[in-house]
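Tertiary structure, described
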Amino acid sequence: MDSFELNKIAGAVLGSLLLVMGLGIISDALFAAPRPAKPGYALPVAEAAVGGPAAAAVEAAPLPVLLAKADAKKGENLIKACAACHNFESGAAAKATGPNLYGVIDRAVGSTAFAYSDSMKGKGGKWDYAQMNAFLANPKGVVAGTKMSYAGEKDAAKRADIILYLRSLASSPAPLPAP
Ligand code: HEC
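This structure is a prediction, so every number in the text was calculated from the model and none was measured.

**Quick word on the coordination of the iron atom of the ligand**
Those donors, H86 (NE2) and M148 (SD), are the protein atoms that reach the iron atom of the ligand, and they lie 1.9 to 2.1 Å from it. Here the iron atom of the ligand binds 6 donor atoms, and the angle range of 85 to 179 degrees at the metal identifies the geometry as octahedral. Pair noted here: H86 is in the loop between helix 4 (72–78) and helix 5 (118–123) and M148 is in the loop between helix 7 (139–142) and helix 8 (156–168), with a separation of 62 residues, a long-range link. The exposure classification of H86 matches that of M148, with both residues buried.

Right under this line is the structure:
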């Protein structure tokens, strides 16, 4: 066999390799499965199961609407549950069991003379209406590790009553959010 023959064989081998690679690329392009936006399989989920009736009740109406309908008198009654640990008088020292809540709406979180938990001290922000509403619905859900051992008020209308009353405990109450 001379080198010309060898070249022809090598050429044929290379040629068929290229052909196989080319076919592979083309068939990949032709039969590529579309990549799903979310990896995994979509499972059918019944819409109604998400949240359930309890969640629906919590989302009953937006907070500004509930606040517009709320009753501070009812709130004054409801905060008796808080008075076990909190006091509400202007200028009074905190109880050992909880910070003073006079003027708490729009107050910086964890900012009074009280031995707050590290979680509360580290939370940051202020007690605006939305934060207060979320915290009173589920204290540990909003401030994980809080030492406020109060399960939360699940009724959104009652929370609005409480918040409206808390708002009144200030020399100049914070403006209400527009419904
Ligand atoms: C069993 C006692 C207890 C009850 C009941 C309770 N709290 Fe508290 N609350 C605490 C304690 C303790 C803290 C401080 C939490 C921390 O530092 O993690 C606190 C913190 C707070 C804060 C944050 C105050 C700040 O200065 O940042 C708010 C607001 C609050 N409570 C509102 C309420 C309201 C409103 C109720 C009633 C609906 C209530 N709490 C019921 C013990 C209680």
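**A short note on the pattern of salt bridges**
Here the structure, examined in full by the defined rule, presents 4 salt bridges. Here K8 and E5 are joined by a salt bridge, their closest N and O atoms 3.8 Å apart. Highlighted residues: K8 and E5, both in helix 1 (residues 3–31), separated by 3 residues, approximately one helical turn. By relative accessible area, which is 34% here, E5 ends up partly exposed.

**A closer look at helix 6 (residues 129–137)**
Looking only at helix 6, the buried set comprises Y129, M132, N133, F135, L136 and A137. On its buried side, helix 6 packs onto helix 3 (63–69), helix 5, helix 7 and helix 8.

**Things to note about unusual backbone geometry**
The backbone of D106 shows a phi angle near 70 degrees, a positive value even though the residue is not glycine. Tracing the chain through its elements places D106 in the loop between helix 4 and helix 5.

**Let's talk about the nonpolar core**
In globular proteins that are soluble, nonpolar side chains generally tend to be buried together. One finds M132, I163 and L166 to be the most contacted residues of the largest nonpolar core, which totals 30 residues. Every element with two or more residues in this core is listed here: helix 3, helix 6 and helix 8. Broken down by element, the residue count for this core peaks at 7 residues, all from helix 8. Among all residues touching I163, those that are not within four sequence positions of it are L63, L67, I105, Y129, M132, N133 and L136.

Criteria and cut-off values
- Residues numbered from 1 in each chain as written.
- Predicted model: local features only at pLDDT ≥ 70, side-chain atom pairs only at ≥ 80, totals over all residues.
- Heavy atoms only, no water.
- Donors = N, O, S within 2.8 Å, 3.2 Å for Na, K, Ca; no water.
- Tetrahedral: all angles 85-135°; square planar, octahedral: opposite > 155°, others 65-115°.
- Helix = DSSP H or I, 4+ residues; strand = E, 2+ residues; numbered from the N terminus.
- Buried < 20%, exposed > 50% of the residue type's maximum accessible area, 1.4 Å probe, protein only.
- Salt bridge = Lys/Arg side-chain N within 4 Å of Asp/Glu carboxyl O.
- Contact = heavy atoms within 4.5 Å.
- Core = buried A, V, L, I, M, F, W, Y, C linked by side-chain atoms within 4.5 Å.

That's the geometry; what it means functionally is another story.
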